[in-house]
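Geometric and topological summary
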Amino acid sequence: MATPFCAAAAACRISVAASPAAPSLRPRRGVVAVRAEAGGGINPAIRKEEDKVVDTVVTGELAKPLTAYCRCWRSGTFPLCDGGHVKHNKATGDNVGPLLVKK
Ligand code: FES
């Protein structure tokens with residue numbers, strides 16, 4: 001089963017930008033640039049004991065016709081979205097939201 005946001009690996013490569021101003025880090029077509037937060041990355045607290053947080057979804061086994069997966073790393077039910085992105089967006093001015101997977 002593929003990870004929620006990396007089912008098409010070639011289209012989902014993630015590059016972590018040390019400096020958002022660096023010209024070589026401008027997003028290219030098919031590449032998502034993720035800016036690391038000061039002091040340790042984009043994941044504030046989810047499953048930090050793991051070397052890499054990877055989840056797999058078999059779309060045919062989803063319980064609901066539409067399932068929301070977290071992309072903000074603030075969900076208390078990660079990898080599922082619990083709406084925590086709303087509080088994060090209000091606090092930071094960010095615009096993140098979930099990945100919606102259809103069965
Ligand atoms: Fe993270 Fe909704 S809680 S995208």
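Residues numbered from 1 in each chain as written. Predicted model: local features only at pLDDT ≥ 70, side-chain atom pairs only at ≥ 80, totals over all residues. Heavy atoms only, no water.

Details of the overall build of the chain
Within the chain, the secondary structure is distributed over 1 helix and 4 strands. Listing the helices and strands of the chain from first to last along the sequence gives β-β-β-α-β. Within the chain, buried positions represent 24% of all 103 residues. Of the roughly 7,300 Å² of accessible surface on the chain, 56% is carried by carbon and sulfur atoms. (Helix = DSSP H or I, 4+ residues; strand = E, 2+ residues; numbered from the N terminus. Buried < 20%, exposed > 50% of the residue type's maximum accessible area, 1.4 Å probe, protein only. Areas by Shrake-Rupley, 256 points an atom, 1.4 Å probe, with all protein chains shown as cover.)

Quick notes on the side chain of H85
Tracing the backbone through its elements, the reader meets H85 in helix α1 (residues 84-92). In this structure H85 comes out as buried when scored by relative accessible area, which is 15%. Excluding residues that lie within four positions of it along the chain, H85 makes contacts with C72, V96, G97 and P98. (Contact = heavy atoms within 4.5 Å.)

Section: the pairing of strand β3 (residues 66-69)
Alternating positions in β3 separate cleanly, T67 and Y69 being buried on one face and L66 and A68 remaining unburied on the opposite face. Bridge count between β3 and strand β4 (residues 99-102): 4 bridges; the pairing is antiparallel. Its bridge partner being in β4, A68 is matched across the sheet by L100. (Pairing = 2+ DSSP bridges.)

Description of the environment of V86
Within the secondary structure, V86 is located in helix α1. In this structure the C-alpha to C-alpha distance between V86 and R74, which are 12 residues apart in sequence, comes to 9.7 Å.

Quick look at the UniProt feature "domain: Iron-binding zinc finger CDGSH type" (unreviewed entry) in the chain
Annotation from UniProt places "domain: Iron-binding zinc finger CDGSH type" (unreviewed entry) at residues 52-91. End C-alpha to end C-alpha, residues 52-91 measures 27 Å, and it is 20% helix and 10% strand. (UniProt positions renumbered as here; feature names shortened; annotations may be inferred.)

Thoughts on the pattern of salt bridges
Under the definition given, this model contains 2 salt bridges. E50 is paired through a salt bridge with R47; the nearest N and O atoms lie 2.9 Å apart. The partly exposed category is assigned to E50, whose relative accessible area is 33%. On the basis of relative accessible area, R47 is assigned to the partly exposed category, the value being 23%. D55 is paired through a salt bridge with R47; the nearest N and O atoms lie 3.0 Å apart. Owing to a relative accessible area of 14%, D55 belongs among the buried residues under this scheme. Counted as one network, the salt bridges with shared partners bring together R47, E50 and D55. (Salt bridge = Lys/Arg side-chain N within 4 Å of Asp/Glu carboxyl O.)

Brief notes about α1
Given 3.6 residues to a turn, an α-helix orients residues that are three or four positions apart in the same direction. Residues H85, H88 and N89 constitute the buried set of α1. Buried residues of α1, viewed axially, fall in a sector of 100°; they line one side. Turned more than 90 degrees off the buried face of α1, the exposed positions are K87, K90 and A91. Of the residues one or two after α1, G93 is the one with positive phi, at around 80°. (Arc of directions from axis to C-beta.)

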